[in-house]
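# Commentary on secondary and tertiary structure
This is what each chain is made of:
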Amino acid sequence: MTALEMIKDTVTKNDVVLFMKGNKLMPQCGFSSKVAGILNYLGVEYADVNVLADAEIRQGIKEFSDWPTIPQLYVKGEFVGGCDIAIEMTLSGELDALLEANGVAFDKAAAEKIREANVG
């Protein structure tokens, strides 16, 4: 199986996937840590893929999404974005709407707490 086939298989078989540096328990860059932190705080079940463990996956995910940076968040097989987009969507409530529309469970009260803490 090629790297691109593995990526497609991963995003197809999991409702939420985060391609990141490190893993959800031990992110290895600040941007990956921020997105994993959001998902963890919201209680979202997600697959994490450590791109540092496989150079072909690290390059392949950039080609797959046509997006040059990592982390990369996918919901129901669709590319959502990287760190800045995930943060903006969390603060605007768009991430809540996307998760709800796709039947992905998350803690709505936690999402509100994030927004309350970031007002102003």
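What counts, and at which threshold
- Residues numbered from 1 in each chain as written.
- Predicted model: local features only at pLDDT ≥ 70, side-chain atom pairs only at ≥ 80, totals over all residues.
- Heavy atoms only, no water.
- Helix = DSSP H or I, 4+ residues; strand = E, 2+ residues; numbered from the N terminus.
- Rg over C-alpha atoms; globule rule 2.2 N^0.38 Å.
- Buried < 20%, exposed > 50% of the residue type's maximum accessible area, 1.4 Å probe, protein only.
- Contact = heavy atoms within 4.5 Å.
- Areas by Shrake-Rupley, 256 points an atom, 1.4 Å probe, with all protein chains shown as cover.
- Lys, Arg positive; Asp, Glu negative; His and termini not counted.
- Charge placed at Lys NZ, Arg CZ, Asp CG, Glu CD.
- Pairing = 2+ DSSP bridges.
- Salt bridge = Lys/Arg side-chain N within 4 Å of Asp/Glu carboxyl O.

### Description of the overall build of the protein
Of the regular secondary structure elements, the protein holds six helices and six strands. Counting from the amino terminus, helix and strand elements in the protein follow one another as α-β-β-β-α-β-α-β-β-α-α-α. Its C-alpha atoms give the protein a radius of gyration of 14 Å, near enough to 14 Å, the size a compact globule of 120 residues would have. Projected onto its principal axes, the C-alpha positions of the protein cover 45 × 30 × 25 Å. The buried share among the 120 residues of the protein stands at 40%. Taking all contacts inside the protein whose residues are at least 6 apart in sequence as the whole, residues at least 24 apart take part in 59%. Accessible surface, the protein as shown: approximately 6,600 Å² in total, 52% of it carbon and sulfur. If you average the places of the 11 positive and of the 18 negative side-chain charges in the protein, the two averages end up 3 Å apart.

### Considering the pairing of strand β6 (residues 78–81)
The sheet contact formed by strand β5 (residues 72–75) and β6 spans three bridges and is antiparallel. Residue pairing in the sheet places V75 in a bridge with E78 of β6. Between β5 and β6, which pair antiparallel in sequence order, lie two residues; one of them, K76, sits at a positive phi of approximately 50°.

### Some words on unusual backbone geometry
Between I70 and the following residue, P71, the backbone shows a cis peptide bond with an omega angle of 15°. Phi angles above zero are rare outside glycine, and D66 is one such case at about 60°. Within the fold, D66 resides in the loop between α3 (55–65) and β5. Judged by its relative accessible area of 68%, D66 falls in the exposed class. Notably, K76 is not glycine yet its phi reads approximately 50°, a positive angle. According to the relative accessible area criterion, K76 is partly exposed, its value standing at 40%.

### Some details on the pattern of salt bridges
Going through the model one piece at a time under the given rule, you end up with five salt bridges. A salt bridge links R115 to D96; its shortest N-O distance comes to 2.7 Å. Of this pair, R115 sits in helix α6 (residues 108–117) while D96 sits in helix α5 (residues 94–101); the two residues are 19 residues apart in sequence, bridging distant segments of the chain. When its relative accessible area of 14% is taken as the criterion, R115 is described as buried. Between E112 and R115 there is a salt bridge whose closest N-O contact spans 3.0 Å. Of this pair, E112 and R115 both sit in helix α6, three residues apart, roughly one helical turn. Connected through shared salt-bridge partners, D96, E112 and R115 make up one network.

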